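Residue-level listing of the chains:
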Amino acid sequence: MEKFSILLLLVMLDQFIFTVEAAQKAPWRIQVLFSVECQNYFDWQTVGLMHSFRKAKQPGHITRLLSCTEEQKKTYRGMHLAPTFEVPSMSKHPTTGDWYPAINKPAGVLHWLKHSKDAENIDWVIILDADMIIRGRIVPWKLGAEKGRPVAAYYGYLRGCDNILAQLHTKHPELCDKVGGLLAMHIDDLRALAPMWLSKTEEVRQDRAHWGVNITGDIYEKGWISEMYGYSFGAAEVGLRHKINDNLMIYPGYAPREGVEPILLHYGLPFRVGNWSFSKADHDEDAIVYNCGQLFPQPPYPREVMQLETDPNLRRGLFLSIECINILNEALLLHHVANGCPKPPWSKYVNFLKSKAFAELTKPKLVTPASLEMMEDTVQEHIDHDTTRPYPKIHTVFSTECTPYFDWQTVGLMHSFHLSGQPGNITRLLSCSDEDLKLYKGHNLAPTHYVPSMSQHPLTGDWYPAINKPAAVLHWLNHANIDAEFIVILDADMIMRGPITPWEFKAARGKPVSTPYDYLIGCDNELAKLHISHPEACDKVGGVIIMHIDDLRKFALLWLHKTEEVRADRAHYARNITGDIYESGWISEMYGYSFGAAEMKLRHTINREIMIYPGYVPEPGIKYRVFHYGLEFHVGNWSFDKAEWREIDMVNRCWVKFPEPPDSSTLDHNDEDNFQRNLLSIECMKTLNEALHLHHEKRNCPKDGSVLESKEDATEESITSWKISNFSENFDSKVKNFRLPCSEVIIN
């Protein structure tokens, strides 16, 4: 009886194990696909991706979709490089004759679905590009993918999702997601999508009338990213909405945000570490796979990176860059040995790639909670502050250029910042050209983050200095180590009168606070309808912004892109459409902000008690926190207009100041509104002059009050030359990884 009970228990245990294994086996039927052509260029990328697939212990199977002509196959040497499913080449379209190799990706996926037996036994599909390195296990359902809701990486530069391009090519433009790179979806979703992906690619490719950079984001205006739009438009057409993730995939050269562990490196853009650099385009014809002992130029060692960059967050980005190329070289090293090449001669670098230290550095990475955060995460409602917990950290930023005009504004804002009691740190985002920087004297006016100037757009040549504001904020987010939870964004032409805190004005994640810019009438008319999918979400705001850092990281790229888009829309510069009295597109950056926020459905709490323009009548009982002296204002016969002081050096000439306003004791008290307005105007100007006076005192200007250059200025030339020689290296290291987000479309 006892033996029978044991036997029965074993049978039941076996049955239980079989059931568990069966339950576990089904969801693990994962297929990774990547598309290539019969070229050396794709062969070394294949070797790298295949090696990282094994190194990361990626579950499931991987298949290379190989698109080759019959002529190419006669001389092709790389059939053994990966598990391969051959696909007829569509590089030259069989119907139109159009040369467009990128179409092979959707064509290859569709061919695999129709003709591969593997496709009949798969639950989940992960689609990658060949120029990728896998760092950790990509498990679709663990990343949040569901049937009907794929997970994808964010391709913010696909501006055609927001404009006429989407309206022309899909019945549901509101469903268009800006995604690509990493795609993880259920096989049933892929079966529905694939035919539409191919047909929409063909459709967009043929729409030459809308290849312009202001419509597609393609800087070459050649329709090269038609396949990406084919995917997004095809998904919109079949009603497939994505969970969009901006953390799982990263381009080497960029730094991940704190707490994020990317599991995919996409080396589609050039990147640099110190004096070393890498661009995949430089190896277009490289037969490195077939040349025994040949590796890519070795990057700096980890200990050298430690010395190159002291900022922990920037250093993380540099470590990802060297990891990417080191894994590529490790892949080539192992590939050469496996294919009969002689053992490579000893070298310090080869020894490093074989070391336990390198194995430890490149072991499979685990996805962190921060990495799994989606861009559409739910809004965090405001909760009254718990007095038992510390307030969140704040960081204040403002944008300027290397001109005397912004220098005196900086002096005024910095002085008022210190008087206001504003918590946290402040940073000036200084946008300068290389030439301006050589002559610039104002390095010590404020804590500064240096940014390459975009006053003249590097792609279009358009002269529009206001674009430096969103470009500088984006650069700062990507290159600075920011530990604050909330960011306060100001303009340089402001004077602070008190603290601006998120807890007082009820800012929260998903709910920024700003001040009204009622003249942005484009939020109410065709301008918004042309440039955003959600015109109803457009808030007429600007000036002072209080935003959670997580929102700002997601939003900054859209702010820049929408600014470029509105600036390029010259057909709608008219005053009755934009509210711009000069009809010159000068307020495009303001619309870029409002339209970018609307695109994310990021709605603002609009507060009229934070900011006032000098010259306006204040509301009784309100303690405004900021003067914004962007407009001319008067007190009797005295007036001030900042534009009249654009070319005058108020900072480097001793004791210069603005004309003093009337004394408040001379004001007429009969009209209370006029009296209060004049008091505020006088306060603003006196604070500016007080800031200049203290600045000149710190510079050791002569006590006799002479308006001349100080002794400090007499030696300024030698000091500046010392600064430039030391600063140039620092500046290079700060901006070496800066590139416009829209440049991501250059090589993909």
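In case you missed it, the structure is sitting above this.
Rules used in this analysis
Residues numbered from 1 in each chain as written. Predicted model: local features only at pLDDT ≥ 70, side-chain atom pairs only at ≥ 80, totals over all residues. Heavy atoms only, no water. Salt bridge = Lys/Arg side-chain N within 4 Å of Asp/Glu carboxyl O. Helix = DSSP H or I, 4+ residues; strand = E, 2+ residues; numbered from the N terminus. Buried < 20%, exposed > 50% of the residue type's maximum accessible area, 1.4 Å probe, protein only. Pairing = 2+ DSSP bridges. Contact = heavy atoms within 4.5 Å. Axes fitted to C-alpha atoms, helices over the stretch in contact; angles between N-to-C directions. Core = buried A, V, L, I, M, F, W, Y, C linked by side-chain atoms within 4.5 Å. Parallel < 35°, antiparallel > 145°, perpendicular 65-115°, else oblique. Left-handed = near helix turned anticlockwise from the far one by under 90°. Nonpolar A, V, L, I, M, F, W, Y, C, P; charged D, E, K, R; others polar.

## With respect to the pattern of salt bridges
And then number 1: Taken as a whole and judged by the stated rule, the model has 35 salt bridges.
And then number 2: For Arg29, the salt bridge goes to Asp123, with nearest N and O atoms at 2.6 Å. Of this pair, Arg29 sits in the loop between helix 1 (2–25) and strand 1 (30–37) while Asp123 sits in the loop between helix 4 (104–115) and strand 4 (124–128); the two residues are 94 residues apart in sequence, bridging distant segments of the chain.
And then number 3: We classify Arg29 as partly exposed; its relative accessible area is 34%.
And then number 4: In this structure, Asp462 and Arg567 form a salt bridge, with 2.7 Å as the shortest nitrogen-oxygen distance.

## Section: the sheet that holds strand 16 (residues 486–491)
And then number 1: Read from one edge to the other, the open sheet built from seven strands follows the order 15-14-13-16-19-18-20, with strand pairing classed as mixed. Looking at strand neighbours, the two that pair on one side only are strand 15 (448–452) and strand 20 (605–606), the edges of this open sheet.
And then number 2: Pairing of strand 13 (residues 394–401) with strand 14 (residues 425–432), which is carried by seven bridges, proceeds in the parallel orientation. Directly across from Ser399, in strand 14, lies its bridge partner Leu429.
And then number 3: The strands touched by helix 13 (residues 404–420) are strand 13, strand 14 and strand 16; relative to strand 13, the strand with the most contacts, the crossing angle is about 165 degrees.
And then number 4: Running at roughly 135 degrees to strand 19 (residues 541–548), helix 18 (residues 549–568) makes contact with strand 16 and strand 19 of the sheet.

## Quick notes on the nonpolar core
And then number 1: Ranked by size, the top nonpolar core spans 82 residues in total, and within it Trp44, Leu128 and Ile138 carry the most contacts.
And then number 2: Among the elements that take part in this core, helix 10 (residues 312–338) stands out by supplying 10 residues, more than any other.
And then number 3: Setting aside its immediate chain neighbours within four residues, Ile138 contacts Ile30, Gln58, Ile126, Leu128, Leu143, Leu182, Ile263 and Leu264.
And then number 4: Core analysis: the second largest hydrophobic core is formed by 71 residues, Phe398, Leu430, Ile610 and Ile612 among them.

## Considerations on the packing of helix 4 against helix 6 (residues 187–206)
And then number 1: Between helix 4 and helix 6, the shortest axis-to-axis distance is 9 Å and the interhelical angle comes to 140 degrees. On the basis of their axis angle, the class for helix 4 and helix 6 is oblique. When you trace helix 4 past helix 6, the crossing you get is left-handed. Contact with helix 4, carried on its side by Lys105, Pro106, Ala107, Val109, Leu110, Trp112 and Leu113, involves Ile187, Leu190, Arg191, Ala194, Pro195, Trp197, Leu198 and Thr201 of helix 6 and no other residues of that element.
And then number 2: Residue composition of the contact of helix 4 with helix 6, by class: 12 nonpolar, one polar and two charged.

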